[in-house]
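# Coordinate inspection notes
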Amino acid sequence: MAKDKNWWKNKIAYQIYPRSFCDANGDGTGDLLGIVSKLDYLHDLGIDIVWLCPVYRSPMDDGGYDIADYYDIDPIFGKKEDMDLLIKEADKRGIKILMDLVLNHCSDEHPWFKKALADSDSEEASYFWFRESHGCPPNNWRSMFGGSAWENVGGDRWYLHLFSKKQPDLNWENPKLRQKLYDMINYWLDKGLGGFRIDAITHIKKEPTLSSLPPDDPDGMVGCFAPTRNYPGIGDLLTELRQNTFDKYTCMTVAEAAGVPYADLGIYIGEDGYFDTLFDFTYSELYNWGHGWHTCKKPWEWPIKNLRDKMFASQIETAKVGFGAVYFENHDYPRACAKFLPDEYVNGTSQKMLGTLFFFLRGIPFIYQGQELGMTNPTFDSIDEVNDISTKNHYRIALADGLTPEQAIKAVNRYSRDNARVPFPWNSGKNGGFTTGKPWLKVHNDYKKFNAEDEAKDIDSVLSYYKKMIKLRKSAEYNLTLTYGDVEPILLEHEDVIAYIRGGEKRIAVICSFCPDTKDVKLPFGGFDTLLSNLDDTVSDNGTLTLRPFECKVLLIKG
Ligand code: NOJ
């Protein structure tokens, strides 16, 4: 039977951070059986595809992105059979599971690395980037999580790690290593997996001489993007990867492919691209970390026009060559409302507006767990409440810059990845119904305000609104237009409004106001019917639409 390469395009995807979704065995950590027990919730919401953050055996230095055994499930998440059960039970409900595929690095506790350390002449030593250097790291590259990208293992021997020191980079120049990775990928695909989200994949090719570069900071180091991200020659590796694995299956691949220039998008996700789709980070990373999170501007101090321009550029460039994956939240970001809305205006109405803005874009929408409840950032009062390695690093940098512990935690709170990693609130009971044990990370301070059970009963809740959005996008009448229709930006004269028309078989306008006051906009079309809105009634007169604070509209254009 011919493979349907497009099966995923009109679907709705949902990202699960397994540690924090649902704990079935009461040990305080979410697990696979917990996810199985919530499949009906996902099905009822209208989800077709689930991306699971890593559940492989791992010491959890970086939340599972440090894999010690690619073939095994970490005991905190359950057993291998639980994974088989999840795939089977999800299938019964028409849901496909994507696993996270971490190919740029593994854990320093992986047997390959242990053998490499024990014997520098072993085959495994050539799976990594070991170099000799006397008294200082072999070059001045800075790791993504701060500090040198090199770790000394005794004497003059060092290894490269672009992320934490417990995540040694794999040497993709080695064909034997590549074959081992392909075998592992096929092992999982043979189980009937829907596909993969592919981690940090644009970093697998390194500048071969590993030379130092001019420093970009008084620390004397330089960010490792130029010599390790989309480095020339990466295409050969990605083509070989695809041909040996994904091409043989009807699976879906979504790449975490930061830094792909728009000119190269076609090579990545065009007709014969390396992947089916990718996440474009240009419109979600509107702020520049600079030296540390504590020196960062508040995100919304950037004009909303900045978000609009980047989002539309992404939409237009992606549509030229392929089909994107759209999102506003994931496990690496604080909640979207903390990025795009001033604190005093975060409420159910503005959360629904933000949801509407991203959800009707062209591309497969990925909802991050809790987004559908309108979850906000929690408050971490002390660094002891934080687990995330990058937050701890930024906290250290803030202290080194002279901030007090109280100031430092406040300063890094806004950007902490743990903001989105606190347990999912299922109900208003103890620990939000997430666990009967002691939660591995604190539960959100406001779980009584937003939790799945209460929101399901409330027709005005953010959850009920997400259900309506999903229903609309999947409806027989509008699915074609909302999936494949072009995106035409409109109302560009208003800097605090983001609006577009999805054009195709039908024409549907999506209008989102970021204005805290009422404002009038002149519509560039005539009659319409309101398909969805975050506020009752549509106030319009003679072609002018009156938008109340943070109002959004999805309008079917007539004629
Ligand atoms: C991207 C993942 O999303 C993030 O959580 C992780 O820390 C890095 N890649 C390293 O694997």
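These lines cover the structure that appears in this document, whether it is placed above or below. (Residues numbered from 1 in each chain as written. Predicted model: local features only at pLDDT ≥ 70, side-chain atom pairs only at ≥ 80, totals over all residues. Heavy atoms only, no water.)

## Some details on the site of the ligand
- Looking at the ligand, there are 13 residues lining it, with Asp62, His105, Asp199, His331 and Asp332 nearest.
- Contact with the protein chains covers 97% of the free accessible surface of the ligand, which is 300 Å².
- Classifying every residue of the shell around the ligand by side-chain character gives 3 nonpolar, 3 polar and 7 charged. (Near = heavy atom within 4 Å. Areas by Shrake-Rupley, 256 points an atom, 1.4 Å probe, with all protein chains shown as cover. Nonpolar A, V, L, I, M, F, W, Y, C, P; charged D, E, K, R; others polar.)

## Some words on the pattern of salt bridges
- For the structure shown, the criterion picks out 41 salt bridges.
- Lys166 is the partner of Glu109 in a salt bridge, and the nearest nitrogen-oxygen pair spans 2.7 Å. Separated by 57 residues along the polypeptide, Glu109 in the loop between β5 (96–102) and α4 (111–118) and Lys166 in the loop between β9 (157–160) and α5 (175–189) bring together distant segments of the chain.
- Relative accessible area serves as the criterion here: at 35%, Glu109 is assigned to the partly exposed category.
- The salt bridge partner of Lys206 is Asp169, with a shortest N-O separation of 2.7 Å. Here the residue Lys206 occupies a position in the loop between β10 (195–199) and β11 (222–223), and Asp169 occupies one in the loop between β9 and α5, the gap between them amounting to 37 residues. A single burial state applies to Lys206 and to Asp169, both of which are buried. (Salt bridge = Lys/Arg side-chain N within 4 Å of Asp/Glu carboxyl O. Helix = DSSP H or I, 4+ residues; strand = E, 2+ residues; numbered from the N terminus. Buried < 20%, exposed > 50% of the residue type's maximum accessible area, 1.4 Å probe, protein only.)

## Some thoughts on the nonpolar core
- Of all hydrophobic cores here, the largest spans 154 residues; its most connected members are Met83, Phe196, Phe275 and Phe366.
- In contact with Phe275, other than residues within four places in its own chain, are Ile198, Ile201, Leu238, Leu241, Phe246, Thr253, Ala255, Tyr268 and Ile269.
- One finds Ala509, Leu523, Phe525 and Leu555 within the second-largest nonpolar core, a separate group that totals 15 residues. (Core = buried A, V, L, I, M, F, W, Y, C linked by side-chain atoms within 4.5 Å. Contact = heavy atoms within 4.5 Å.)

## Details of a negative patch on the surface
- Taken together, the side chains of Asp458, Asp460, Asp536 and Asp537 present a region of like negative charge at the surface.
- If you trace the backbone, Asp536 turns up in the loop between β20 (528–533) and β21 (539–541).
- Residue classification places Asp536 among the exposed positions, given a relative accessible area of 64%. (Patch = residues over 30% accessible without salt bridge, like charges linked within 9 Å, V, L, I, M, F, W, Y side chains within 5 Å. Lys, Arg positive; Asp, Glu negative; His and termini not counted. Charge placed at Lys NZ, Arg CZ, Asp CG, Glu CD.)

## Regarding unusual backbone geometry
- The phi angle at Ala200 is positive, at roughly 40°, despite the residue not being glycine.
- Looking at the element boundaries, Ala200 is found in the loop between β10 and β11.
- Phi is positive for Asp537, which is not a glycine, with a value near 65°.
- Secondary-structure assignment places Asp537 in the loop between β20 and β21.

## Observations concerning the sheet that holds strand β16 (residues 486–490)
- Taken together, 5 strands build an open sheet; the order of strands is β16-β17-β18-β23-β20 and the sheet is antiparallel. Each edge of the sheet is formed by a strand with only one pairing partner; in this case those strands are β16 and β20. Mean inter-strand twist for the sheet, computed between neighbouring axes without regard to direction, equals 25°.
- Pairing geometry for strand β17 (residues 497–503) and strand β18 (residues 507–513), over 7 bridges, is antiparallel. Within the sheet, the bridge partner assigned to Arg502 lies in β18 and is Ile508.
- Here helix α11 (residues 348–359) sits on the sheet and contacts β17, β18 and β23 (552–557); the angle it forms with β18, its principal contact strand, is near 140°.
- In this fold helix α15 (residues 462–474) packs onto β17, β20 and β23, with an angle of close to 135° to the strand it touches most, β20. (Pairing = 2+ DSSP bridges. Axes fitted to C-alpha atoms, helices over the stretch in contact; angles between N-to-C directions.)

## A closer look at the environment of Phe145
- Relative to the helices and strands, Phe145 resides in the loop between β7 (141–142) and β8 (150–152).
- Look at Phe145 and you get buried, because its relative accessible area is 11%.
- Measuring from C-alpha to C-alpha, the distance between Phe145 and His161 comes to 9.9 Å, with 16 residues separating the pair along the chain.
- Excluding anything up to four places from it in sequence, Phe145 contacts Asp62, Leu162, Phe163, Ser164, Gln167, Ile389, Ser390, Asn393 and Arg417.

## Some details on the pairing of strand β12 (residues 252–256)
- Most of β12 sits out of view: 5 of its 5 residues are buried.
- Side chains Met252, Val254 and Glu256 project from β12 onto one buried face, and the interleaved Thr253 and Ala255 project onto a second face that is buried too.
- Pairing between β10 and β12: 4 bridges, direction parallel. Following the sheet pairing, Ile198 is matched in β12 by Ala255.
- Pairing geometry for β12 and strand β13 (residues 277–279), over 3 bridges, is parallel. In the sheet register, Val254 faces β13, and the bridge partner there is Thr277.

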